[in-house]
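# Notes for the structure review
One-letter residues, chain by chain:
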Amino acid sequence: MKPKIEILEESDFKIRFILKNVSPALANSFRRAMKAEVPTLAVDYVDFYVNSSYLYDEILAHRLGMLPIKTDLEKFNMQNECVCGGEGCPNCQISFRLNVEGPKVVYSEDFISDDPEIVFAIDNIPVLELFEGQQLMLEAVARLGTGREHAKFQPVSVCAYKIIPEIEITEDCTLCKDCIEACPRDVLEAGGDKIAVKDVLNCSLCMECIKVCEQNAIKVNETNNFLFTVEATGALPLRVVMRKALEILRSKAEEMNKIIEEIQ
Amino acid sequence: MDVPREESASDFPIRCFSCGSVIGHLYEEYQKKLKEGKSSKEALDELGIERYCCRRMFITHKSVLKELSRFHGAVG
């Protein structure tokens, strides 16, 4: 059977889908590719010209790194693959400038980007507060990176899956309803003359229902279907993250095939 | 007890420490809801903060910047 994706719910920042007919290894590599291999932009280098605020340069640089940047993967190269050879050029990095005086709360929208389309994804994040007489002048340089290098480059925050089980109730069932009582996730219900499965997606495979059943009439089997929950940071749309992750997986698999052929 | 506190949003963490979800832009809204008389639970539910890792970021925030600013101008 071919692998298939069935989307359950989708919004700008969260998606829930079922990945069907795949091995646990493929499901996990998909998760890991989304988290650690899809590149995004993040501030990585900051030049401070003036900083008389209450926060140290290092703290501010770290806060800037945390801000998600709207990324256009067509526009930028990874720095180590760029024509400039990793030195830094408009093809692989972008700077954000800031020159403000207090009293003022500095928001992420106050930064002036080199490219008006590449901006901080969420514009009302407070970065710091400047008080009377304090000044901040800096240039923050963002580049592409992957989650493998630093968590700030991750395009997703939550990216997790679980196995969707298959719950089977045999004819030995005496309708004692102990399993319904025991289930912490409210998966089972009494449907007329037998126990029915109400919400299989909610099952956490805790196996409490099996422990409590004296007739051994209930079985919870693992299947090759996985329920994914993915949340975006705003750097990339979720569909792009998923597509890019699969592209990366494919190129890695092809590379592996080539290596194996060379050995033979 | 839920006592709404006046806390500065300007040094609230941008990301949740544990899961990395972006929460920096929600703290001002959270405070507004507390001021309206809502409990922390109601406010966080309305903002869509589900996990307890992110929820503790809101309810345990104490602004260092605000403390320091009390002495602004007193020294150099």
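Residues numbered from 1 in each chain as written. Chains lettered and ligands numbered in written order. Predicted model: local features only at pLDDT ≥ 70, side-chain atom pairs only at ≥ 80, totals over all residues. Heavy atoms only, no water.

Residue and element names in this part refer to chain A. Using the criterion set out here, one finds 13 aromatic pairs over all chains in the structure. Judged by centre distance (4.6 Å) and plane angle (20°), the rings of Phe96 and Phe120 are stacked. Linking Phe96 in strand S4 (residues 93-101) with Phe120 in the loop between strand S6 (112-113) and strand S7 (126-130), this pair joins segments that are 24 residues apart in sequence. For Phe96, a relative accessible area of 1% corresponds to the buried category. Residue Phe120 is classed as buried on the basis of its relative accessible area, which comes to 6%. Seen from their ring centres, Phe111 and Phe120 are 5.4 Å apart, and the 85° between their planes marks the pair as edge-to-face. The same class applies to Phe111 and to Phe120, which are both buried. Clustering of aromatic rings is evident, with ring pairs tying together Phe17, Phe30, Tyr161, Phe226 and Phe228. (Phe/Tyr/Trp six-rings, centres within 6.5 Å; stacked < 30°, edge-to-face > 60°. Helix = DSSP H or I, 4+ residues; strand = E, 2+ residues; numbered from the N terminus. Buried < 20%, exposed > 50% of the residue type's maximum accessible area, 1.4 Å probe, protein only.)

Glancing now at the domain arrangement of chain A. Here the domain parsing of chain A yields domain 1 (1-38 + 155-164 + 224-264), domain 2 (40-154) and domain 3 (166-222). Distance from the C-alpha centre of domain 2 of chain A to the C-alpha centre of domain 3 of chain A: 52 Å. (Domains from an automatic or database assignment.)

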